[in-house]
Amino acid sequence: MRRVLYIDLCPSPGGSNMSLHALVAHLDRNLYQPGVVLSQQNHFGLFEQTGIQVARVRTPQWEISSGSMVEQVRSGGVGAAMREGGQRARLWHTLGGLRRLSRDILPVARDLRRAIDRFQPDLVHLNDAVPLVRHGIIASRLSGVPVIAHPRSFVPPTSDDDRWLVPRLQGLVFISQAVADTQLSAISNPPRHRVIPNGVDVALFQQEHNRNRLREELGSDGDSLLAGVVGRIVPWKGQDIFVEAVALLAERFPNLHGVIVGEGSQVEGAGYAARVRDLADKLGIGDRVHMLGFRPDIPQVMAGLDLLVHCSVEPEPFGRVIIEGMAAGKPVIASREGGATEIVSDGVDGLLVPPGDPQALADAMADLVGDSRRRKELASSGRLTARRFDVEHHVAAMQDFYETILSE
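As a starting point, this report considers the structure included with it. (Residues numbered from 1 in each chain as written. Predicted model: local features only at pLDDT ≥ 70, side-chain atom pairs only at ≥ 80, totals over all residues. Heavy atoms only, no water.)

So, helix α12 (residues 272–282)
For α12, the set of buried residues is Tyr272, Val276, Leu279 and Ala280. In an axial view of α12, the angular spread of the buried residues amounts to 100°, which keeps them on one side of the axis. One or two steps after α12, the chain reaches Gly284, where phi turns positive at roughly 80°. (Buried < 20%, exposed > 50% of the residue type's maximum accessible area, 1.4 Å probe, protein only. Helix = DSSP H or I, 4+ residues; strand = E, 2+ residues; numbered from the N terminus. Arc of directions from axis to C-beta.)

This is the structure we're talking about:
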């Protein structure tokens, strides 16, 4: 039996955790024994709930205090002067790199090496892009264990990463062709690699769920229509665009409510969730925008929605929530960029709109809110599309890649 250690050090629950859990929970346990390492800051608990061994390590990069001396220098006049081109800028970036190495990378690599030595894996699977898993690459190589990286973002390797860290990888897995194109453009000599789209447990979303439970929770009546956004609350996910679109439709559709599901990231989205809430109040729809926070029961939440909206203002690396909505039989509207365009065929199994455009999003929402027949047509086609991304296909492809790597 092969032992695979998965390392995902993101600071808060999100799509990378959900996608990794779908993979790990469906591995063939006759062939693979998984272990997982998470950040101490991340309270994602589904791994433990499904009996998967989990270790947690401290991640200093996510613990930066805005009031620290370093942050005061970084955000003040001294930092601004040092960043202004020439030798000062090079010195500033060099010092910053050394500081990140000593504070954020090497201590975490030490702890990860201990976790690797305890678990004794045959393979280490790093669940993010190279610049975000440097400590994992270092720890794996020091332990002499084969390692692959699984970039889930567009963040490409730096020239130093390409020179020193990428050659230490035995493989790369990309969640979409869009991510693969961006990543490979920055790598001079890539290791073995494949595009393996994320997998969704389609059956989980097609089970019978109480559609009215969400309405009861929100205190809305049976005639209300619920449009929802599901994902981490960070600026690039565009929850503010969603609120503006709901406001544009408020007078025309007085029964339309907006539901925002997700947790505000302490790092990327500090204060953003509060700004989204304030925006809803300012636009006079505070009583019709419901922010539910992180929810482990996404299939149940999806069952209560009438429409799923994906409104990222930057290219989406993949768009897992789009497939979840399709699997749940919900019509989907998505931003026309990145991985979303590899899932949705505009007008066939969903609608695509320009990112960052509240009016375009509102127009698409109005087309569906006012036409139940159209909603059903897109939902029916979307269910068929979701089957292509069933977790069984994902796991089979990933296990085949593992065997290819380990056989070498």
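Some words on the pattern of salt bridges
Inspection of every chain in the model, using the stated rule, returns 19 salt bridges. Salt-bridge contacts for Arg114 lead to Asp111; the nearest nitrogen and oxygen are separated by 3.5 Å. Within this pair, Arg114 and its partner Asp111 are both found in helix α5 (residues 86–119), separated by 3 residues, close to a single helical turn. The exposure class of Arg114 is partly exposed, given its relative accessible area of 46%. In this structure, Asp306 and Arg211 form a salt bridge, with 2.7 Å as the shortest nitrogen-oxygen distance. (Salt bridge = Lys/Arg side-chain N within 4 Å of Asp/Glu carboxyl O.)

Some details on the sheet that holds strand β7 (residues 192–195)
Ordered by their spatial adjacency, 7 strands build an open sheet running β3-β2-β1-β4-β5-β6-β7, and the pairing between neighbours is parallel. Looking at the sheet topology across the chains shown, the edges are occupied by β3 (53–57) and β7. Recorded for the sheet is a direction-independent mean angle of 20° between the axes of neighbouring strands. Relative to strand β2 (residues 32–39), strand β1 (residues 2–8) runs parallel, the two sharing 7 bridges. Each residue of the ladder has a partner; that of Val4, found in β2, is Pro34. In the packing of helix α8 (residues 177–184) onto the sheet, contacts are made with β6 (171–174) and β7, and the angle to β6 comes to roughly 140°. In the packing of helix α17 (residues 391–407) onto the sheet, the strands contacted are β1, β2, β4 (123–126), β5 (147–149), β6 and β7, and the crossing angle to β7 comes to about 175°. (Pairing = 2+ DSSP bridges. Axes fitted to C-alpha atoms, helices over the stretch in contact; angles between N-to-C directions. Contact = heavy atoms within 4.5 Å.)

Structural notes on empty space enclosed by the protein
Counting across every chain of the model gives 2 cavities of 30 Å³ or more. Approximately 40 Å³ is the volume attributed to the largest cavity. For the lining of the largest cavity, the element with the most residues is strand β8 (residues 225–230), which contributes 3 residues. Residues that form the lining of the largest cavity fall into these classes: 7 nonpolar, no polar and 2 charged. By volume, the second largest cavity amounts to about 30 Å³. In this structure, the second largest cavity is lined by Ile241, His310, Cys311, Ser335, Val353, Pro354, Pro355, Gly356, Asp357 and Leu361. Grouping the constituent residues of the lining of the second largest cavity by class yields 6 nonpolar, 3 polar and 1 charged. (1 Å grid on protein atoms, 1.4 Å probe; cavity = no way out; pocket = protein on both sides within 12 Å on 5 of 7 lines; lining within 4 Å. Points joined across faces, edges and corners; volume = space filled by probe spheres on them. Nonpolar A, V, L, I, M, F, W, Y, C, P; charged D, E, K, R; others polar.)

Brief notes about the sheet that holds strand β11 (residues 307–309)
Read from one edge to the other, the open sheet built from 6 strands follows the order β10-β9-β8-β11-β12-β13, with strand pairing classed as parallel. Because the sheet does not close on itself, it has two edges, and the strands there are β10 (289–293) and β13 (351–353). The mean angle between the axes of side-by-side strands here comes to 20°, regardless of whether they run parallel or antiparallel. By the bridge criterion, 6 bridges tie β8 to strand β9 (residues 256–261) in an arrangement that is parallel. By the bridge assignment, Ala227 is partnered in β9 with Gly258.

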